Amino acid sequence: MIELRHVLLSVIVACFAQSAAANHADADAKRGERVFKKCRSCHKVGEGATNRVGPQLNLLFQRVAGSIEGFKYSESMLRAGADGLVWDHDTLDTYLENPKSLISKTRMNFRGLKDAGDRANVMAYLRQFSDNPANIPEASPTTVGTDHEVDPAILALQGDPEYGEYLSSECVSCHQIDGADSGIPSITNWPAEDFVIAMHAYKDKKRVHPVMQMMAGRLSAEEIAGLAAYFEKVGQ
Amino acid sequence: MKLNRRNFIGSAAAVSATLSAPMVMGGSHGRPRVVVIGGGAGGATAARYLAKDGKGMIDVTLVEPTRTYYTCFFSNLYIGGFREFSSIGHTYGKLAADYGINVIHDWAIGVDRDAKTVTLAGGGTLPYDRLVLSPGIDFKEGAVPGWDVTAQQKMPHAYKAGSQTQLLKSQLEAMPQGGTFCMVAPPNPFRCPPGPYERVSMVAHHLKANNPTAKILIVDPKPKFSKQALFQEGWSNHYDGMIEWIGPDFGGDKVEVRPDMMEVVIDGEVTKVDVCNVIPAMKAGKIAEIAGVTNEAGWAPVHAATMASKVDQNIHVLGDASHQGDMPKSGFAANSQAKVAAMAIRGALTGSKVFPAKFTNTCWSLIETNDGIKVGASYEATDEKIAKTDGFISKTGEDAALRKVTFEESVGWYDGITSDMFG
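Fair warning: this is a prediction, and the values are worked out from it, not measured in the lab.

Enquirer: So what's going on with the overall build of chain A? Residues and values would help.
Expert: A tally of regular secondary structure across chain A gives 12 helices and zero strands. For chain A, the N- to C-terminal ordering of α and β elements is α-α-α-α-α-α-α-α-α-α-α-α. A total of 236 residues make up chain A; the buried ones form 39% of that total.

Here you go:
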């Protein structure tokens with residue numbers, strides 16, 4: 001039944017939104033292998049794959065972020081894993097589009113795959129190296145092709161640092177303004193764009209931390225921009 | 001904070017004010033004056049934000065009896081052996097030197113709302129344009145039959161941090177093998193809703209290692225308590241069979257204590273105990289009552305948007321002492337309310353911009369080593385009260401890594417909020 005509905009939906013999607021959506025619905029592992037060339041200098045996958053600059057990618061789906069023993073991850077990645085980030089179709093799609101949206105200080109020095117089809121294809125390729133690829137749920141057809149990037153209009157907002165300073169009084173009950181970061185990460189002097197991207201990822205519940213989802217959830221785009229403007233320059 | 005010329009002048013003024021002792025009121029004055037009573041999470045934060053954001057335009061005086069302030073939050077971790085006592089002590093040196101706040105170590109014993117003055121036990125009088133009351137809690141007399149403050153050496157409350165906390169810890173350490181630790185828990189509303197249950201967890205942590213056959217008895221007038229499912233899951237995971245919780249269904253609401261005999265009478269049945277931690281019903285700290293801003297229940301009703309008393313617009317009441325709506329009585333909440341009040345006061349006295357009030361709270365608790373949990377919410381000001389808008393709570397069955405991160409987060413928060421309070 002589910003299979004049938006799935007097929008029907010795909011057909012409907014294919015009929016009504018031919019070009020892009022259709023592409024994503026039949027993600028192609030072969031094409032994904034070609035996309036994976038961009039990843040290969042750092043990541044290995046397949047039989048005997050070992051950690052290199054990046055961790056090996058066998059059994060990636062359902063893996064807790066930052067959980068390969070012996071691989072030296074960034075603090076941010078370890079924290080995200082402890083907070084409960086698990087790699088699945090949706091979280092990988094978000095991460096691959098813009099790594100910083102999920103992990104601000106990730107060591108993965110990669111700008112991201114902007115094309116949703118490329119991401120779908122590379123994931124189709126990677127899921128072959130899971131224990132039981134057929135059992136991995138694909139993203140539902142409605143979410144395939146979702147644009148995870150923060151709207152350029154939001155990124156272009158000029159924040160009011162004075163308003164940001166007022167709003168910041170809520171942040172500094174936990175995040176120390178002098179940049180100390182034991183237990184709770186520092187947000188002092190973050191680049192404004194990273195700040196905005198991270199806060200919108202919490203607001204959209206792509207990042208998992210419940211306190212931050214709540215804090216970001218009630219901030220408007222203008223307020224986030226104000227905070228970003230304030231924290232970028234504070235103390236300088 | 002960096003010293004610049006303005007700060008330097010501020011601190012020089014503070015020093016001379018301290019030397020000449022509490023000033024006598026005068027008819028005309030220059031800068032508007034704010035007197036803050038109570039140097040805890042509400043008062044210290046309010047004083048610091050008024051001085052910092054007022055940029056020298058407001059004369060801020062902080063009245064706090066103790067020279068070293070011990071935070072109630074994390075005092076349970078000291079009882080459990082996770083913190084040194086000195087690590088929860090803080091002084092007011094930076095608030096005086098870096099922010100130019102006139103810090104007076106004395107008791108406020110009177111408020112004349114018509115003359116707008118505060119009287120100090122030491123004899124001084126402080127005039128104010130705005131008064132901030134953040135006195136924390138006091139105990140309701142007769143709340144636990146058989147107990148009053150004269151019994152606090154035998155049966156400590158340890159619910160105002162300091163020597164009481166040290167006393168309770170030393171009594172715990174001196175317990176005979178297989179003895180009984182009893183806690184008489186308070187009725188709602190009270191300071192730090194998860195506090196008694198975190199304390200039981202910390203006591204159990206100590207006993208498990210040092211006195212494993214000992215028992216803990218919680219006598220509770222409430223049918224349920226904060227983070228109950230999380231605590232009870234943790235207790236059964238870590239301290240199986242050690243902790244017995246007696247709610248009102250089993251007489252937890254009918255308790256009497258006999259400090260001289262070290263006996264607790266629960267619904268007519270006498271039990272011998274070795275340590276008894278009595279946490280009585282609470283009300284606002286006494287100065288709020290003296291100022292005449294409390295209601296029949298003993299708390300001070302306030303307007304949500306400004307934390308101003310509903311009785312007197314020139315008095316703001318923060319934290320545990322206030323009756324504000326949905327926020328719990330916690331250090332985090334007092335810190336959050338203090339910033340809203342400081343902004344409103346600055347706006348009224350100096351014409352600075354006033355933004356809409358936002359409030360937040362998070363309460364972390366530790367159940368056992370690296371097993372931290374949390375609950376929190378965000379709030380907004382409505383005409384009626386501080387109203388909850390959103391919230392979260394840790395879940396039962398979370399994995400060890402998440403609980404460890406949650407505990408580490410609480411340690412980070414402690415450093416954050418104490419810097420926010422004391423500079």
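Enquirer: Can you lay out unusual backbone geometry for me, pointing to particular residues and giving the numbers?
Expert: Backbone torsion omega between N188(B) and P189(B) reads -10°, so that peptide bond is classified as cis. Locating P189(B) in the fold gives a position in the loop between strand 11 (180-184) and helix 6 (195-210). Even without being a glycine, Q62(A) presents a positive backbone phi close to 75°. Its location among the elements puts Q62(A) in the loop between helix 3 (29-35) and helix 4 (75-83). Residue classification places Q62(A) among the partly exposed residues on the basis of 13 C-beta atoms within 10 Å. One non-glycine residue, D267(B), lies in positive phi territory at about 50°.

Enquirer: So what about the pairing of strand 9 (residues 130-133) of chain B? Which residues, and what values?
Expert: All names here are of chain B. Of the two faces of strand 9, the one carrying R130 and V132 and the one carrying L131 and L133 are both buried. Of the strand pairs in this sheet, strand 9 and strand 20 (residues 315-317) are connected by three bridges, and their pairing is parallel. Considered in strand 20, the bridge of V132 is made with H316.

Enquirer: Provide a residue-level description of the domain arrangement of chain B, including the pertinent values.
Expert: How big an interface is tends to be expressed through the accessible area that disappears when the partners come together. All names here are of chain B. By domain assignment, chain B separates into domain 1 (5-138 + 283-356) and domain 2 (141-280). Spacing between the C-alpha centres of domain 1 and domain 2 amounts to 32 Å. Taken together, the 18 residues of domain 1 in the interface contact 20 residues of domain 2. Counting residues per element, the side of domain 1 that touches domain 2 draws most heavily on helix 3 (residues 75-79), which supplies five residues. Of the residues that constitute the side of domain 1 that touches domain 2, the class distribution is nine nonpolar, seven polar and two charged.

Enquirer: Please set out helix 11 (residues 210-217) of chain A residue by residue, giving values where relevant.
Expert: Among the residues of helix 11 of chain A, those classed as buried are P210(A), M215(A) and A216(A). Each element contacted by the buried residues of helix 11 of chain A is listed here: helix 10 (192-203) of chain A together with strand 22 (358-368) and strand 24 (386-393) of chain B.

Enquirer: If you had to explain the confidence of the model for chain B to someone new, which residues and values would you point to?
Expert: Residue and element names in this part refer to chain B. For chain B, per-residue confidence averages 94 on the pLDDT scale, and 93% of positions sit at 70 or higher. Taken as a whole, residues 1-28 scores under 50 in pLDDT and shows 32 contacts with residues more than four places along the chain or in a different chain. Complex prediction metrics read pTM 0.86 and ipTM 0.82.

Enquirer: Would you mind going over the packing of helix 9 (residues 161-171) of chain A against helix 12 (residues 221-233) of chain A in detail, with residue names and values included?
Expert: Residue and element names in this part refer to chain A. Two numbers describe how helix 9 lies on helix 12: the axes approach to 7 Å, and their chain directions differ by 90°. When the axis of helix 9 is compared with that of helix 12, the two are roughly perpendicular. Residues P161, Y163, G164, E165, L167 and S168 of helix 9 pack against E223, G226, L227, A229, Y230, F231 and K233 of helix 12.

Definitions and limits used
- Residues numbered from 1 in each chain as written.
- Chains lettered and ligands numbered in written order.
- Predicted model: local features only at pLDDT ≥ 70, side-chain atom pairs only at ≥ 80, totals over all residues.
- Helix = DSSP H or I, 4+ residues; strand = E, 2+ residues; numbered from the N terminus.
- Buried ≥ 20, exposed ≤ 12 C-beta atoms within 10 Å, placed from the backbone.
- Pairing = 2+ DSSP bridges.
- Domains from an automatic or database assignment.
- Contact = placed C-beta atoms within 7 Å.
- Nonpolar A, V, L, I, M, F, W, Y, C, P; charged D, E, K, R; others polar.
- pLDDT = per-residue confidence, 0-100.
- Axes fitted to C-alpha atoms, helices over the stretch in contact; angles between N-to-C directions.
- Parallel < 35°, antiparallel > 145°, perpendicular 65-115°, else oblique.

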